[in-house]
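Residues per chain are reported as follows:
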Amino acid sequence: MTTAVAIDLDGALGDTRPLWEEFLADAARRFGSISPLEPKALPADRGAAAVELDAWAASGVGDWRAALERFAEDRAPVYLRPDGEASAALRSLAAVGARLGVFTDAPEPLARVALAQLGASRRIESLETGAGARERLLAHLGPDAAVAASREDLVKISRDA
């Protein structure tokens, strides 16, 4: 029986990258007069990009993470929709007592908004975000945790549980 599952937010539940990219374009427009930002120059790894955004924000932009959260709350319904198959898999795993965790390289505000929009928040025990999120989550869940990198993985794990 599967006792713990580490779930890739973007691969198995809902891809947050398009919403992230729209936020970066909006931030570049909105805050460009304070401090220029070139979204395409940021690292693809969002954990590394967040470090660069922290330095960018220190030049007078302010709390970009709060701006990301507000932006995501406003636009998440356009980008993220709950998937019936993934939702059923989460319910099934929770029903058998599996510990569920989610990992993503996305910043925490975006990940939390996404989980809420996807209807997964209440079933998730732990969330790890940023650089090294998968490794931290697996350390928390234990060495026997299954990994669901895709929706298909999540469904298969739930059927086998």
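Scroll up to find the structure this text is about.
Residues numbered from 1 in each chain as written. Predicted model: local features only at pLDDT ≥ 70, side-chain atom pairs only at ≥ 80, totals over all residues. Heavy atoms only, no water.

Caption draft 1: The overall build of the chain, seen in detail. Tallying secondary structure elements over the chain gives eight helices and four strands in all. Starting at the N terminus, the α and β elements of the chain follow one another as β-α-α-α-α-α-β-α-β-α-β-α. For the chain, the C-alpha radius of gyration of 17 Å lies close to 15 Å, the compact-globule estimate for 161 residues. Taken along its principal axes, the extent of the C-alpha atoms in the chain is 55 × 30 × 20 Å. A burial count over the chain gives 47% of its 161 residues as buried. (Helix = DSSP H or I, 4+ residues; strand = E, 2+ residues; numbered from the N terminus. Rg over C-alpha atoms; globule rule 2.2 N^0.38 Å. Buried < 20%, exposed > 50% of the residue type's maximum accessible area, 1.4 Å probe, protein only.)

Caption draft 2: Inspection of the packing of helix α2 (residues 17-31) against helix α4 (residues 64-79) at higher detail. As a packed pair, α2 and α4 sit with axes 10 Å apart at the nearest point and diverge in direction by 130°. Classified by the angle their axes make, α2 and α4 are oblique. Considering the relative orientation of α2 and α4, their crossing is right-handed. Along its contact with α2, which presents Pro18, Leu19, Trp20, Glu22, Phe23, Asp26 and Arg30, the element α4 presents Trp64, Ala67, Leu68, Phe71, Ala72, Arg75, Ala76 and Tyr79. (Axes fitted to C-alpha atoms, helices over the stretch in contact; angles between N-to-C directions. Parallel < 35°, antiparallel > 145°, perpendicular 65-115°, else oblique. Left-handed = near helix turned anticlockwise from the far one by under 90°. Contact = heavy atoms within 4.5 Å.)

Caption draft 3: Structural view of the nonpolar core. Ile7, Leu13, Trp20, Phe23, Trp56, Trp64 and Leu154 are the most contacted members of the largest nonpolar core, which totals 48 residues. In terms of residue count, α2 provides more of this core than any other element does, seven residues in total. Excluding anything up to four places from it in sequence, Ile7 contacts Ala12, Leu13, Leu90, Leu100, Gly101, Val102, Phe103, Leu137, Ala148 and Leu154. Judged by nonpolar contacts, the second largest core, of seven residues, contains Ala4, Leu137, Leu141 and Ala145. (Core = buried A, V, L, I, M, F, W, Y, C linked by side-chain atoms within 4.5 Å.)

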